[in-house]
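# Commentary on secondary and tertiary structure
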Amino acid sequence: MKRYNVAVVGATGAVGEELFRILDEMDFPIGNLLPLASARSVGTNIEFAGKEYPVIELTETVFEENDVDIAFFSAGGDISAKYAKYAVEGGAVVIDNTSHFRMDPAIPLVVPEVNPEDIALWRESGIIANPNCSTIQMVQALKPLDDLYGIERVDVSTYQATSGAGKKGMEELVMQMQDFFAFRLDESKIEAFAHQIALNVIPQVDKAMPSGFTKEEEKMVYETQKILHKNIQVAATCVRVPVLRSHSESITVTFGEHIDVDVERCREAIENFENVKVIDDLPNSLYPMPIIATDTDFTYVGRLRKDIYKSNVLHFFNVADQIRVGAATNAVRIGLKWIKLEGEKC
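### Quick word on the overall build of the protein
When helices and strands are counted, the protein shows 9 helices and 14 strands. Each of the three principal axes of the protein carries a C-alpha extent, and together these read 65 × 60 × 40 Å. In the protein, which comprises 346 residues, the proportion classed as buried is 54%. With an accessible surface of roughly 15,700 Å², the protein has 51% of that area assigned to carbon and sulfur atoms. Side-chain charges of the protein comprise 34 positive and 52 negative groups, with the mean position of each set lying 1 Å from the other.

### Quick look at unusual backbone geometry
Most peptide bonds take the trans form, and the phi angle of most residues other than glycine is negative. The phi angle at H229 is positive, at roughly 55°, despite the residue not being glycine. Its identity as a non-glycine residue notwithstanding, D295 has a phi of 70°, on the positive side.

### Looking at the side chain of N312
Along the chain, N312 turns up in the loop between β13 (299-306) and β14 (313-320). Setting aside chain neighbours within four positions, we find N312 in contact with V253, T254, F255, G256, E257, I259 and V261.

### Concerning the packing of aromatic side chains
Evaluation of the coordinates by the stated rule reveals 11 aromatic pairs. Ring centres of Y149 and F255 lie 5.1 Å apart, and the angle between their planes is 65°; on these two criteria the pair is classed as edge-to-face. In this pair, Y149 sits in the loop between α4 (133-148) and β9 (151-160) while F255 sits in strand β11 (residues 247-255), placing the two residues 106 residues apart along the sequence. Take Y149 and F255: they sit in the same class, and that class is buried.

### Here we look at the sheet that holds strand β2 (residues 30-37)
Strand order in the open sheet formed by 6 strands is β5-β2-β1-β6-β7-β8, with parallel pairing between adjacent strands. A single partner strand is all that each edge strand has here, and the edge strands are β5 (56-57) and β8 (127-129). Pairing of β2 with β5, which is carried by 2 bridges, proceeds in the parallel orientation. By the bridge assignment for β5, L36 is matched with I56. Those strands touched by helix α3 (residues 77-89) are β1 (4-9), β6 (70-73), β7 (93-96) and β8, and its axis lies near 180° from that of β6.

### Topic: the nonpolar core
Across soluble globular proteins, nonpolar side chains show a tendency to be buried alongside one another. Counting 59 residues, the largest nonpolar core has F63, A71, F73, L145, F255, L314 and F316 as the members making the most contacts within it. Ranked by residues supplied to this core, first place goes to α4 with 6 residues. Excluding its chain neighbours within four sequence positions, the residues that come into contact with F63 are A7, V9, L36, L58, V68, A71, F73, Y83, Y86 and A87. Counting residues in hydrophobic clusters, the runner-up holds 30 residues, among them L19, L23, I128 and A328.

### A short note on the packing of α4 against helix α7 (residues 263-271)
Where α4 meets α7, the axes come as close as 9 Å, and the angle between the chain directions of the two elements is 125°. When the axes of α4 and α7 are compared, the pair comes out oblique. Here the hand of the crossing between α4 and α7 comes out right-handed. Contacts between α4 and α7 involve A141, P144, L145 and L148 on the former and, on the latter, R265, C266, A269 and I270. When grouped by side-chain class, the residues that make up the contact of α4 with α7 number 7 nonpolar, no polar and 1 charged.

### Observations concerning the environment of A141
Considering the arrangement of structural elements, one finds A141 in helix α4. Of the residues examined, A141 reaches a relative accessible area of 0% and is grouped as buried. Separated by 27 residues in the primary sequence, A141 and V114 have C-alpha atoms spaced 9.4 Å apart. Apart from residues lying up to four places away in sequence, A141 is in contact with I270, V301, F316 and N318.

### Digging into the state of the cysteines
Overall, the coordinates contain 0 disulfides when judged by the stated rule. Free of any disulfide, C133 has its nearest neighbouring cysteine sulfur in C238, separated by 8.9 Å. A relative accessible area of 0% means that C238 is categorised as buried.

### Regarding the packing of α4 against helix α6 (residues 215-228)
The N-to-C vectors of α4 and α6 enclose an angle of 40°; their axes lie 10 Å apart at closest approach. In terms of orientation, α4 lies oblique with respect to α6. Handedness of the crossing formed by α4 with α6: right-handed. Contacts between α4 and α6 pair S134, T135, M138, V139, L142 and K143 from the former with E216, K219, M220, E223, T224, I227 and L228 from the latter. A class-by-class count of the residues in the contact of α4 with α6 yields 6 nonpolar, 3 polar and 4 charged.

Conventions adopted
- Residues numbered from 1 in each chain as written.
- Predicted model: local features only at pLDDT ≥ 70, side-chain atom pairs only at ≥ 80, totals over all residues.
- Heavy atoms only, no water.
- Helix = DSSP H or I, 4+ residues; strand = E, 2+ residues; numbered from the N terminus.
- Buried < 20%, exposed > 50% of the residue type's maximum accessible area, 1.4 Å probe, protein only.
- Areas by Shrake-Rupley, 256 points an atom, 1.4 Å probe, with all protein chains shown as cover.
- Lys, Arg positive; Asp, Glu negative; His and termini not counted.
- Charge placed at Lys NZ, Arg CZ, Asp CG, Glu CD.
- Contact = heavy atoms within 4.5 Å.
- Phe/Tyr/Trp six-rings, centres within 6.5 Å; stacked < 30°, edge-to-face > 60°.
- Pairing = 2+ DSSP bridges.
- Axes fitted to C-alpha atoms, helices over the stretch in contact; angles between N-to-C directions.
- Core = buried A, V, L, I, M, F, W, Y, C linked by side-chain atoms within 4.5 Å.
- Parallel < 35°, antiparallel > 145°, perpendicular 65-115°, else oblique.
- Left-handed = near helix turned anticlockwise from the far one by under 90°.
- Nonpolar A, V, L, I, M, F, W, Y, C, P; charged D, E, K, R; others polar.
- Disulfide = S-S within 2.5 Å.

As structure tokens, then:
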């Protein structure tokens, strides 16, 4: 099998660290591995597959100098905006985990289980965009339902873990809980979020937009439409909750007025969809939860039920590890699909 020189930009961040784990677990065909980060991280090492790799400073020339084939970017939109073009010019395909390129019409936005055919569009820009974490797990559940009945509208409320704000988000939750048990929560620092996150929920993820929605909520709207190639109506309310890892979503799907939803058919369609698992036994208290999804590569769906009032409406709950499924795993799956696609052309 051909092996590829792989760079990871943002090697010391939460998603970067997860990328190395998943590249190893999925036996990605790596020739040379290049961990890239800012100058302040130079001097540290990354452990991968039993070997130590020194972190190298991200520069404009590092991709060409090291003959990089695939570059995973996970260091923030500003970094992708500045350096992705140099990776492309150096001959690499860029798989970008940030929001910077997602809505560019020339750049494919890909969830491999949902729209793998869009990967073939990478040659126009040299870049493939990874969607928002909340969007990824949602469209994995929506796709089989859309194929079954045709979706007209989606209403979703998210319950997003603190890890969505990176290491600092998780650390802030832990520190505030420690302060709570030490009876000094009123002295606890509030930096990662707009309000105290311990013992609280915050109905705002990302900045406010003129529409009255947040940027995170608008991402879910427009990314879903781009991925599914369909002008589905989407309304999202994104909420930060005091959970360390794995996002949850409560989703209501509206089909055409003529549809009479068969819950068993919906369950079967979701169960048969790649990398999605159904846990749905309410009488026995079995359903998706963050502790089930964390550190796995599956999206879990449950609480499937037909609306009481409208026969064309379905409700369900889904959960996925947003660092893996919602970022690193999706990126690695894109890379593997890209390799397969390029191999078929040879």
